[in-house]
Amino acid sequence: MDDQRSAAGAAVAVERAAAVAVPEAASALGPRSRGAALAPVALVVAGGLSVQFGSAIAVLLMPRAGALGVVTLRLAVAALVVLVVCRPKLRGYRRADWGTVLAFGLAMGGMNTLFYQAADRIPLGAAVTLEVLGPLALSVFASRRLINLVWAGLALGGVVLLSGGGFGRLDPVGAAYALGAGAMWATYIVFSARTGRRFPQADGLALALVVAALLSLPLGIMESGSKLLVPSTLALGAAVALLSTVLPYTLELMALRRLPAPTFAILMSLEPAIAATAGFLILDQALTTTDALAIALVIGASMGAVRSQARRAGLRERA
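All figures in this text were calculated on a predicted structure; none of them were measured in a lab.

Enquirer: Break down the packing of aromatic side chains for me, citing the residues and quoting the values.
Expert: The full count for this structure, using the stated rule, is five aromatic pairs. A ring pair is formed by Tyr93 and Trp98, whose centres lie 5.7 Å apart and whose planes are at 85°; its orientation type is edge-to-face. On the numbers, 5.3 Å between centres and 35° between planes, the contact of Phe104 with Tyr188 is tilted. Of the two residues, Phe104 is situated in helix H3 (residues 95-119) and Tyr188 in helix H7 (residues 172-198); the sequence distance between them amounts to 84 residues. Assessed through its relative accessible area of 1%, Tyr188 is described here as buried. Counting every residue linked through ring pairs, the aromatic cluster contains Tyr93, Trp98 and Phe199.

Enquirer: Break down the pattern of salt bridges for me, citing the residues and quoting the values.
Expert: Under the definition given, this model contains two salt bridges. The closest approach of N and O atoms between Asp97 and Arg94, which form a salt bridge, is 3.9 Å. According to the relative accessible area criterion, Asp97 is buried, its value standing at 6%. On the basis of relative accessibility, which here comes to 58%, the residue Arg94 falls in the exposed class. Asp97 is paired through a salt bridge with Arg198; the nearest N and O atoms lie 2.5 Å apart. In this pair, Asp97 sits in helix H3 while Arg198 sits in helix H7, placing the two residues 101 residues apart along the sequence. On the basis of relative accessibility, which here comes to 33%, the residue Arg198 falls in the partly exposed class. The structure contains a network of salt bridges with shared partners spanning Arg94, Asp97 and Arg198.

Enquirer: Summarise helix H4 (residues 124-131); cite the residues concerned and give the values.
Expert: Of all eight residues in H4, eight are buried, a share of seventy percent or more. Those residues of H4 not exposed but buried are Leu124, Gly125, Ala126, Ala127, Val128, Thr129, Leu130 and Glu131.

Enquirer: So what about the packing of H7 against helix H9 (residues 231-256)? Which residues, and what values?
Expert: At a closest axis distance of 8 Å, the pairing of H7 and H9 adopts a crossing angle of 70°. The orientation of H7 relative to H9 falls into the category roughly perpendicular. On H9, the residues touching Tyr188, Ile189, Ser192, Ala193 and Gly196 of H7 are Tyr249, Glu252, Leu253 and Leu256. Partitioned by chemical class, the residues of the contact of H7 with H9 number six nonpolar, two polar and one charged.

Enquirer: Can you lay out the nonpolar core for me, pointing to particular residues and giving the numbers?
Expert: One finds Met108, Phe115, Tyr116, Tyr188, Leu205 and Leu209 to be the most contacted residues of the largest nonpolar core, which totals 73 residues. The dominant element in this core, judged by the number of residues it contributes, is helix H2 (residues 31-86), at 17 residues. Those residues in contact with Phe115 that lie beyond four places of it in its chain are Ser55, Leu124, Ala127, Val128, Glu131 and Ala181. The next biggest cluster of nonpolar side chains, apart from the first, holds seven residues, and it includes Val45, Leu270, Ile274 and Ile295.

What counts as what
Residues numbered from 1 in each chain as written. Predicted model: local features only at pLDDT ≥ 70, side-chain atom pairs only at ≥ 80, totals over all residues. Heavy atoms only, no water. Phe/Tyr/Trp six-rings, centres within 6.5 Å; stacked < 30°, edge-to-face > 60°. Helix = DSSP H or I, 4+ residues; strand = E, 2+ residues; numbered from the N terminus. Buried < 20%, exposed > 50% of the residue type's maximum accessible area, 1.4 Å probe, protein only. Salt bridge = Lys/Arg side-chain N within 4 Å of Asp/Glu carboxyl O. Axes fitted to C-alpha atoms, helices over the stretch in contact; angles between N-to-C directions. Parallel < 35°, antiparallel > 145°, perpendicular 65-115°, else oblique. Contact = heavy atoms within 4.5 Å. Nonpolar A, V, L, I, M, F, W, Y, C, P; charged D, E, K, R; others polar. Core = buried A, V, L, I, M, F, W, Y, C linked by side-chain atoms within 4.5 Å.

Treat this as a map of the structure, not an account of what it does.
Right under this line is the structure:
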C-alpha cells in the first residue's frame, strides 16, 4: 500500500472499523445499556485520534524547539489551560490523595519526555508501536479473564507485525526510550484511574499536569532556552498541547471512571495504527501492505475488547 490513495484508505478504514465495532458490540443490548457500555469506548477512540495527530505536529515542531522543548511547551500550556478551566480545589484531600496525584503527574511527565526523545530518533509509528507494549503488558498482568489475554495476544501480534518483524533496524537509543515510555504509559493508566476516583471532574488531571509541567520545565529550558518564546513556536506548542494533552487526557480520565483498566489497555492497541496513519498524512511516512495487515489485527483486538465490555455491562444490568 505504497501510494497516497491506498494509505488514505487505510486511515479511513481505521476510523470506520472503530465506528462499526460500536453498534455490532451493542446490538444485543437495550438503548440505555448500549450508551453506558460504549460511551467510554468512544472517549478512548476519540482521545487516541487526537493524541496521535497532535504528536505528528509535535514532530514537525522539534527542529525549532527540540524534543524536550516540545514536551515543556505541551505540558506547560496544557497545565495552564486546564487550571483556568477547572479551577481545582486544594482543600479537603487526604495525604493518600496527594500521593496519587503526584504519582500520576510523575508518570505523565516521564511518559511524555521519554516518548518525544524516541520520536526524535525513530519513526512515529514505530515509536508508538514500542510504547504500546506497556499497556499490553498491563492488560496481561492485570486481567483476571481469559478473553482479555486473547485480545491482548492478538493485539501484540499486530504490534510485532507493524514493527516489520523486528526492531533491529531502529536506533537502539530511540527504541529504548520508546520502551521506557511504554512502562510510564502503563503506570499512567493505573494512576489516572485512581486519580479519577479520588478527585471530582478533571481536578486531579489539572493538578497532575502541574506536576508534569514542573518536572519538564528545567529540561526544556536547558535544551531550548529562548527558542520556546518565539511566537510561531508558542502557537504550534499550544496546538500540540490541546490535541495531545488537554483533549485526550480529559477524555481518557472520563473513560477510566467507567472502563476496567485491562480493557482500556487493550483499546490502546489502536494507537500504533493511528500513529502510522498520522505519520503518513502529516510526516509523509508511507504505509505498506504489511502495515495494513497489522492495522487489521489491532483493530480486531480492539473490536473484541469493545464487545467484551458491552456484554459485561449487559450482564450486570440484567442481574
